[in-house]
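Observations on chain architecture
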Amino acid sequence: MELRQLEYFVAVTEEASFTRAAARLHVAQPGVSAQIRQLERELGLPLLDRSGRTVRLTEAGSAVLPYARAALSAVAGARLMVDELTGLVRGHVTVGVIEWMKVLDLPGLLADFHRDHPQVEITLSEARAADMIDALRTGRLDLGFISMGAVPPEGLETQVIIDQPVVAAVALDDPLARRDTIPLTALRDRKLICLPKGTGLRAVIDDACSAAGFTPGISFEIGDPLTLAQLAARGLGVAVLPESATLPHQDELHTVEITRPRMSGRIALAWRADGPTSPAARALINLARARMPASAEGSSSGSGSASGQGSDPAPAQAPAPGQALGPSPG
């Protein structure tokens, strides 16, 4: 039995797919399948049920999984101890991003990190906020740039770096174009253009509508806030999006402030609050926290009881002059 076989087995289990596991491990899919079949032969029982559309654990696989994870965790702990003792920063770090990352100098951050720690391999992974939060909690990501609501996700430490108001954007001939402010309930019977489910900002909007007593009528769901603004400018509905995403279309859109309640689109650095963290991951987290702009919210721990829940958000952090924060929180 080899550690590689256990690593492949755990990856396939977590991804529920040989294809996704191979992509995550950066190896060919046949190699993953061959190693797991060899592991099954050594143990004498099938560990995975391959008969359905997704891969599932067999009874034997469910029994073996915690031991596989414990073995991999023990090896990672031994390597971490050696690195701590020798003062080396090496290994591998994984960073989760969303589309709006072009607004921040991520290439510059990673270039500086690579210059200081050339022995560390860096992997970038683009995903929805909900998926990144789960990956951060389980240790599959070391650092994430996530969108979130007023309360930090459970089990994560966060540093808010962008905080801006959520607004309604409409075409210039829309009836709402005569208004400067509206309550959220004014959108009850309108077709809305929003980010898709699984994004932090969509969760903020859905929760606010639920609290106001209605379910939003969504006509378009798109992951790029700039495209949402373009659809609204063409008269296809009311875009509910971060204020900065409207800036490139000021000549085509009217922006209406949403009050009662006010909502914020927030982007934060996020990392696991508990559990082992490699020296390489700690170095990257510390560099990112120092380099990325911090809003007035500062850092917080996701305990499900963060202060400020249910209150108006802190004043939004404005973009630098001439800079649009778009694509914006996803």
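An account of the accompanying structure is given in this report. (Residues numbered from 1 in each chain as written. Predicted model: local features only at pLDDT ≥ 70, side-chain atom pairs only at ≥ 80, totals over all residues. Heavy atoms only, no water.)

**Overview of the nonpolar core**
Side chains that are nonpolar tend, in soluble globular proteins, to be buried together. To keep it simple, the criterion reads: Working definition of a nonpolar core: buried Ala, Val, Leu, Ile, Met, Phe, Trp, Tyr and Cys residues. They are joined through side-chain atoms within 4.5 Å. Exposure is judged per residue with a 1.4 Å probe applied to protein chains only, and the accessible area is read against the type maximum: over 50% gives exposed, under 20% gives buried, and values in between give partly exposed. Runs of H or I in DSSP of at least four residues are treated as helices and runs of E of at least two as strands, each being numbered from the N terminus.
Leu 143, Phe 145, Ile 161 and Leu 269 are the most contacted members of the largest nonpolar core, which has 35 residues in total. Elements represented by at least two residues in this core include exactly strand E3 (91-97), helix H5 (106-116), helix H6 (129-138), strand E5 (143-148), strand E6 (156-171), strand E12 (264-272) and helix H9 (279-291). Counting residues per element, this core draws most heavily on H9, at six residues. Membership of the second largest hydrophobic core comes to 34 residues, among which are Val 167, Leu 184, Ile 205 and Leu 241.

**Remarks on the layout of surface pockets**
The line we're drawing: In the cavity and pocket records, a cavity denotes points on a 1 Å grid over the protein atoms alone where a 1.4 Å probe fits but cannot get out, a pocket denotes an open set with protein on both sides within 12 Å along at least 5 of 7 lines, and lining residues are residues with an atom within 4 Å of a point. Grid points are joined across faces, edges and corners, and a volume is the space filled by probe spheres set on the points.
The space that makes up the largest pocket amounts to roughly 2,000 Å³. At the level of elements, helix H1 (3-15), helix H2 (18-25), helix H4 (59-86), E3, strand E4 (120-126), H6, E12 and H9 are the ones that each hand at least two residues to the lining of the largest pocket.

**A word on the pairing of strand E10 (residues 238-242)**
Cut-off, in case you're wondering: By definition, two strands form a pair when at least two bridges between them are found by DSSP.
Counting buried residues along E10, five of its five residues qualify, which places the element largely inside the surrounding structure. In this structure, E6 lies alongside E10, joined through four bridges in antiparallel fashion. Residue Ala 168 lies in a different strand from E10, and its bridge partner there is Val 240. Sheet topology places strand E8 (residues 191-194) next to E10; two bridges connect them, and they run parallel.

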